[in-house]
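# Coordinate analysis (summary)
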Amino acid sequence: MKKIVKKGLLAEMGFTKGGGTINWFPGHMAAATRAIRDRLKVSDLVIEVRDARIPLSSANEDLQPMLAGKRRVIALNKKDLANPNIMQKWIRYFDSCKQDCLSINAHSKGSVQKLLALVEFKLKELISREPTLLVMVVGVPNVGKSALINSIHQIASSRFPVQRKMKRATVGPLPGVTRDIAGFKIAHKPSIYVLDTPGVLVPSIPDIETGLKLALAGSVKDSVVGEERIAQYLLAVLNTRGTPFHWKHLDDRRMEGILVESDEKHEYNLKDLLPKRKPLDRSGVRYIEDLVTEVQRALFVPLTDFNGSLENETDLEILIEQQFEALQKALRIPHKASEARTMVSKKFLTLFRTGRLGPFILDDVPDVSDSVS
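Each value, and the rule that gives it
Residues numbered from 1 in each chain as written. Predicted model: local features only at pLDDT ≥ 70, side-chain atom pairs only at ≥ 80, totals over all residues. Heavy atoms only, no water. Axes fitted to C-alpha atoms, helices over the stretch in contact; angles between N-to-C directions. Helix = DSSP H or I, 4+ residues; strand = E, 2+ residues; numbered from the N terminus. Parallel < 35°, antiparallel > 145°, perpendicular 65-115°, else oblique. Contact = heavy atoms within 4.5 Å. Nonpolar A, V, L, I, M, F, W, Y, C, P; charged D, E, K, R; others polar. Buried < 20%, exposed > 50% of the residue type's maximum accessible area, 1.4 Å probe, protein only. Salt bridge = Lys/Arg side-chain N within 4 Å of Asp/Glu carboxyl O. Lys, Arg positive; Asp, Glu negative; His and termini not counted. Polar contact = N/O pair within 3.5 Å; in protein donor to acceptor, adjacent residues only side chain to side chain. Expected span 1.5 Å × (residues − 1). pLDDT = per-residue confidence, 0-100.

What follows deals with the packing of helix H9 (residues 208-217) against helix H11 (residues 227-241). Relative to each other, H9 and H11 sit at 105 degrees, their axes nearing to 10 Å. With respect to each other, H9 and H11 are oriented roughly perpendicular. Mapping the contact onto sequence places Ile208, Glu209, Leu212, Lys213, Ala215 and Leu216 in H9 and Arg229, Ile230, Tyr233 and Leu234 in H11. Per-class residue counts for the contact of H9 with H11 are 7 nonpolar, no polar and 3 charged.

Okay, here's the thing in structure tokens:
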């Protein structure tokens, strides 16, 4: 097996330095930040939603000082896309920091019910003496806050049918889609209100690798960073971790859980991977299965034949370029297409974001001595 790259090299690579700092802070989010700070002061508990694939990178650094002083539950959402073995290490890390943390799937009723049970337990000492309690849901864009709110609302509506006609929070695939802070009642005696807030990302991200992780997870719009740059970073991560070596026996298995009947919901559509006019029926599913296998082979073969050093930036960039060419063939994109590299990047990122390349956690678990923020 190839020698794995030394930690920190990815942050020094040319594709991470080329575009400078990532700045994604729409005007409406500045006002939302002020509103969130005001509501935090009167909130009894905060559910901080983070992306399970980036448990630290998806934290909002500006809000951490205020959140640290509140009753808080960190909900690591999209656990179906995260490596379950590494996730257990993250849960233990947060536990060692005396921070309540739960991995969830915001689209799963059972998963959200476990979160609500923890929230009610945390509020138990207040429930007996406060007539009204306020729970706030916060997080950076596209971590699943609105999906969580909708699931909580469905559960609350089943408990209190009179609320069924209440408006649900808006859910969308793009970062920052929920602009206004909205709230609704989820419990009675005492009254418990849940407020949905727009995700607030720090105005500037000085750590480029953190910015790229956020972009890869979808918390920063692709158009801001550039699909090709994000795809290059993903390839660098896969190569330096040796991930393609795990795909050696490609013909011995088929991808599971890809059927259209699946209960899992993702912001990125698998139909984007199909030829035009081809439906996502069983033949379409087989098409994507074959596509995934070809993509894995496109990464595995160049890495196997690679004679350079993964610790050398130039060698790694050459390998990534070779894999880009192999991916174009695997994804069946015409060689002379004017937007070929962008098309390759978009389809490759869709495979990653829908979990077809496997479950990943991009952040490294800190030492126990490190802080939670």
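More follows now that the structure is in view.
Moving on: the environment of Val140. You can see Val140 is positioned in the loop between strand S4 (132-138) and helix H8 (145-159). For Val140, a relative accessible area of 1% puts it in the buried group. Not counting residues up to four positions away in its chain, the partners in contact with Val140 are Val49, Ser58, Ala59, Asn60, Lys145, Gly199, Val200, Leu201, Leu214 and Ser219.

Among the secondary structure elements, Glu48 is positioned in strand S1 (residues 45-51). Residue Glu48 is classed as buried on the basis of its relative accessible area, which comes to 2%. In the structure, Glu48 is positioned 53 residues away from Cys101 in sequence and 9.4 Å away in space, judged by C-alpha atoms. Those residues in contact with Glu48 that sit more than four places away from it in its chain are Ala59, Asn60, Gln64, Leu67, Arg72, Val73, Ile74, Ala75 and Val138.

Before going further, it helps to spend a moment on unusual backbone geometry. Of note, Asn142 is a non-glycine position whose phi angle comes to about 65 degrees, a positive value. The topology assignment puts Asn142 in the loop between S4 and H8. For Asn142, a relative accessible area of 9% puts it in the buried group.

A complete count under the given rule lists 11 salt bridges for this structure. In this structure, the salt-bridge partner of Glu48 is Arg72, at a minimum N-O distance of 2.9 Å. Placement of Glu48 in strand S1 and of Arg72 in strand S2 (residues 72-77) is noted, with a sequence separation of 24 residues between them. Here Glu48 and Arg72 have matching classes, each one buried. Between Asp222 and Arg353 there is a salt bridge; the shortest N-O distance is 2.8 Å.

Attention shifts here to the side chain of Asp44. When you line up the elements, Asp44 lands in the loop between helix H3 (27-42) and S1. At 5.5 Å, Arg71 is the nearest oppositely charged side chain to Asp44, a buried residue that forms no salt bridge. At 2.7 Å, the side chain of Asp44 forms a polar contact with the backbone nitrogen of Leu134. If we ignore the near neighbours within four places in the chain, the residues touching Asp44 are Arg71, Leu123, Leu126, Thr132, Leu133 and Leu134.

The terminal C-alpha atoms of helix H14 (residues 340-353), which comprises 14 residues, lie 20 Å apart, in line with the 20 Å expected from a rise of 1.5 Å per residue. Judged by how many residues are buried, H14 sits mostly within the fold: 10 of 14 residues are covered. Taken together, the buried positions of H14 are Ala340, Val344, Ser345, Lys347, Phe348, Leu349, Thr350, Leu351, Phe352 and Arg353. Following H14 by one or two positions, Gly355 has its phi on the positive side, about 80 degrees.

A word on the confidence of the model for the protein. Overall, the predicted model of the protein reaches an average pLDDT of 81, with 75% of residues at or above 70. Confidence drops under pLDDT 50 across residues 251-264; counting only partners more than four residues distant or on other chains, this segment forms 24 contacts.

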